[in-house]
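So the chains spell out like this:
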Amino acid sequence: VLYSLCGWNAWYAPRGAELANSWRIAADCDEWANVYVAVRTNEALGQHAAPGGFNDPDMLLGSDPTAPAHLTPRQVQAQFSLWAVMAAPLLIGSRLRSMPASDLATYSNPEAIAINQDALGRQGEVVWSNCPPYAPRDNWWNSPWSMPREV
């Protein structure tokens, strides 16, 4: 049994292994920009991942253009490679019946899966980057609600 904690926030990571086998560390990856946010958030959380407990940046999107949320085939490869190095859960969140052959080839790559499933269970680390420093932040939005309060 896999117990996955979903709170969409990095604050779970330090206590995640006490609560679950995996814990979401960022908002939903429903477009490439949010994949970037999840990766950048997770790069500071590697010390919390170990066998039996893993930082979860979200599901793998896929490139099916009929799906409400999808990436390009090249982005699918990048996302899968990053998830593999981050020892993240490899949960496919795309339509399996209409999965493009390129996605199936990516998701069944034995070398990437071997990296992800390494017995050490350690998350990879950034060894070089030309990206600007990144500080994850929360955004809270509010909008007037027209529905009755009982809802």
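Residues numbered from 1 in each chain as written. Predicted model: local features only at pLDDT ≥ 70, side-chain atom pairs only at ≥ 80, totals over all residues. Heavy atoms only, no water.

Peer 1: It is not clear to me how unusual backbone geometry should be interpreted in this structure. Could you clarify?
Peer 2: Keep in mind that most residues, glycine aside, have a negative phi and that most peptide bonds are trans. A positive phi is found at Asp58, a non-glycine position, where the angle reads about 130°. Among the structural elements, Asp58 can be located in the loop between strand 3 (54–56) and helix 3 (73–85). What makes Asp58 buried here is its relative accessible area of 10%. Phi is positive for Ala87, which is not a glycine, with a value near 55°. Tracing the sequence through the fold places Ala87 in the loop between helix 3 and helix 4 (101–107). (Helix = DSSP H or I, 4+ residues; strand = E, 2+ residues; numbered from the N terminus. Buried < 20%, exposed > 50% of the residue type's maximum accessible area, 1.4 Å probe, protein only.)

Peer 1: Explain the pattern of salt bridges here, please?
Peer 2: Between side chains of opposite charge, a pair can form when the charged atoms approach closely. For the structure shown, the criterion picks out four salt bridges. A salt bridge links Asp28 to Arg24; the nearest nitrogen and oxygen atoms lie 3.0 Å apart. The class of Asp28 is partly exposed, set by a relative accessible area of 38%. Among the ionic pairs, Arg24 bridges to Asp58, the shortest N-O distance being 3.3 Å. Taken as a pair, Arg24 in strand 2 (residues 22–24) and Asp58 in the loop between strand 3 and helix 3 lie far apart in primary sequence, 34 residues in all. Across this residue pair, the class does not change: Arg24 and Asp58 are buried. Through salt bridges with shared partners, a single ionic network connects Arg24, Asp28 and Asp58. (Salt bridge = Lys/Arg side-chain N within 4 Å of Asp/Glu carboxyl O.)

Peer 1: Explain the sheet that holds strand 3 to me, please; I cannot follow it from the model alone.
Peer 2: Either a parallel or an antiparallel arrangement is found when strands of a sheet pair, and the pairing is made through backbone hydrogen bonds. If you walk across this open sheet you meet the three strands as 1-2-3, and the pairing is parallel. Taken across any chain shown, the strands that pair with only one partner, and hence form the sheet edges, are strand 1 (4–5) and strand 3. For strand 2 and strand 3, the ladder comprises three bridges, and the chain directions are parallel. Within strand 3, the position partnered with Arg24 by the bridge is Asp56. (Pairing = 2+ DSSP bridges.)

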